[in-house]
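# Analysis of the macromolecular model
Chain by chain, the residues run as shown.
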Amino acid sequence: MKRFSSSGLAFAFLLALFVALFALPVFSAEAGKKGAQGTATGSGILIPHEVFVGDTAELSFTTGAFNAAIAPGEEVTVPRDDVAVSSDATVNSITVRRDDSSSTVIVRFVPWTTGLLRLPPFTLKKIRVLPPPVRISSLAEKTGITTLESARSPLLVPGTTLVLYALAAAAAVAVALAAIAAARLRSYLVLNEGRFRSSRRTKFVMRELKYLDKRIHKIPETEWYALFAVTLRRYFGTLLAGNPSSLLSSTSREIAQELAIPLSGQGGSAECDAAISRAEMLLTSIDLIRFSGRKKGDSREADLAESRAVVFAVEETIGAALDAKGDSDVQL
């Protein structure tokens, strides 16, 4: 009886050892199969907490499926081709970050259906992972509105209508003021056009006389007076004909006669006659020095002072009459 018991125990031990040896490959195969199919730990975290159709959301969850495939601290982006296509959601990106004991998966997606949404699986390092399901809220259930409302006019903030009317009135006033200002500016320019022309003529001839003043002691007297005569004749040509070259070959007497023409029929005043006489005397004295060969003291500075006085006198009399006539023609 004792020998039978010892033999039975030995047989049972051998049978258990045989079963263990044959079962080990089976368990190993099952473990290998489960290693190729990863599962999520928990339900994950959804951001924002409440997601509606068309919103961009982010789901993060942890899994141990990549512990042997990804080194700790490494972060990998899943290629788009390795993400399954689903009509219920559009997956924008999937990122896997390996932590110490597990991997964190972040899925950015846009849902297109309400209720419990199952995101499409993805494959990384030949390991297929299925994200946990998430719940997508419904606006219709939340608000209780299931039909479209009729069209309504845009809502206005209280007081907006008054503000709009005030802005329209201010714009109308601004346009009116701008029109009035433009009309007055035009009238001012038309009425003072003669003064502007006189100012331009005077400024030009004064600049020329200033140049001659600086050249008194640098060029011969005869040559200086030739330039002096040209400067004055150019001024009178601009005044009378609008052409600086029109009176370059005219004598002093002819220029005096041209100066008297604008006053014909108006009864020239004593000031006009005096201005014409001074201009003729100045031009005659210049021509005498240039052509007669008569010697006299150097009077160029005095002649320059006289020429400036003549220009001012002519502008105040003949120039004013010519500009007034031109302004009246423009108004007509």
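Shown above is the structure to which this text applies.
Residues numbered from 1 in each chain as written. Predicted model: local features only at pLDDT ≥ 70, side-chain atom pairs only at ≥ 80, totals over all residues. Heavy atoms only, no water.

In this section: the overall build of the protein chain. The number of helices and strands found in the protein chain is eight helices and 10 strands. In the protein chain, which comprises 332 residues, the proportion classed as buried is 30%. Partitioning the contacts of the protein chain with sequence separation of at least 6, the portion at a separation of at least 24 is 62%. Working note: accessible area of the protein chain is about 21,500 Å², and carbon and sulfur atoms make up 61% of it. (Helix = DSSP H or I, 4+ residues; strand = E, 2+ residues; numbered from the N terminus. Buried < 20%, exposed > 50% of the residue type's maximum accessible area, 1.4 Å probe, protein only. Contact = heavy atoms within 4.5 Å. Areas by Shrake-Rupley, 256 points an atom, 1.4 Å probe, with all protein chains shown as cover.)

Turning our eyes to something else, we now look at the pairing of strand β3 (residues 57-63). Counting buried residues in β3 gives five out of seven residues, a clear majority hidden from the surface. As judged from the seven bridges shared by β3 and strand β6 (residues 103-111), these two strands associate in the antiparallel manner. Within the sheet, the bridge partner assigned to alanine 57 lies in β6 and is phenylalanine 109. (Pairing = 2+ DSSP bridges.)

Estimates place the volume of the largest pocket at around 210 Å³. Around the largest pocket, the lining comprises 15 residues; the ones closest to its centre are Arg80, Val83, Ala84, Val91 and Asn92. Among the elements that make up the lining of the largest pocket, the one with the highest residue count is strand β5 (residues 89-98) (six residues). (1 Å grid on protein atoms, 1.4 Å probe; cavity = no way out; pocket = protein on both sides within 12 Å on 5 of 7 lines; lining within 4 Å. Points joined across faces, edges and corners; volume = space filled by probe spheres on them.)

Moving on, we get to the packing of aromatic side chains. This structure, assessed with the given rule, holds five aromatic pairs. With 6.4 Å between their ring centres and 20° between their planes, phenylalanine 66 and phenylalanine 122 make a pair best called stacked. Remark: phenylalanine 122 occurs in strand β8 (residues 122-124) and phenylalanine 66 occurs in the loop between β3 and β4 (75-77); sequence separation between them is 56 residues. When sorted by exposure, phenylalanine 66 lands in the same class as phenylalanine 122, which is buried. Taken together, the ring pairs connect Trp224, Tyr225 and Phe228 into an aromatic cluster. The ring of tryptophan 224 is capped by arginine 300, whose NZ or CZ atom sits 5.5 Å from the centre of that ring. (Phe/Tyr/Trp six-rings, centres within 6.5 Å; stacked < 30°, edge-to-face > 60°. Lys NZ or Arg CZ within 6 Å of the ring centre and 35° of its normal.)

To continue, consider the pattern of salt bridges. Counted by the stated rule, this structure contains seven salt bridges. Here aspartate 99 makes a salt bridge to arginine 97, at a shortest N to O gap of 3.6 Å. Under the relative-accessibility criterion, aspartate 99 is labelled partly exposed at 24%. The network of salt bridges with common partners includes Arg233, Asp287 and Arg290. (Salt bridge = Lys/Arg side-chain N within 4 Å of Asp/Glu carboxyl O.)

For the rest of this paragraph, the subject is the nonpolar core. Counting 31 residues, the largest nonpolar core has Trp224, Phe228, Phe236, Leu259 and Val314 as its most contacted members. Those residues in contact with tryptophan 224 that lie beyond four places of it in its chain are Leu212, Arg215, Ile216, Ile219, Arg300 and Leu304. In terms of nonpolar packing, the next biggest core, distinct from the first, is built from 26 residues, Val51, Val91, Ile94 and Ile136 among them. (Core = buried A, V, L, I, M, F, W, Y, C linked by side-chain atoms within 4.5 Å.)

Moving on, we come to the packing of helix α6 (residues 252-260) against helix α7 (residues 270-291). Remark: α6 packs on α7, axes separated minimally by 9 Å, with the N-to-C direction vectors making an angle of 165°. Comparing their axes, α7 and α6 come out roughly antiparallel. In the crossing of α6 with α7, the sense of the turn from one axis to the other is right-handed. The residues of α7 that touch α6, namely those facing Ser252, Arg253, Ile255, Ala256, Leu259 and Ala260, are Ile276, Ala279, Glu280, Leu283, Thr284 and Asp287. Its residues assigned to classes, the contact of α6 with α7 shows seven nonpolar, two polar and three charged. (Axes fitted to C-alpha atoms, helices over the stretch in contact; angles between N-to-C directions. Parallel < 35°, antiparallel > 145°, perpendicular 65-115°, else oblique. Left-handed = near helix turned anticlockwise from the far one by under 90°. Nonpolar A, V, L, I, M, F, W, Y, C, P; charged D, E, K, R; others polar.)

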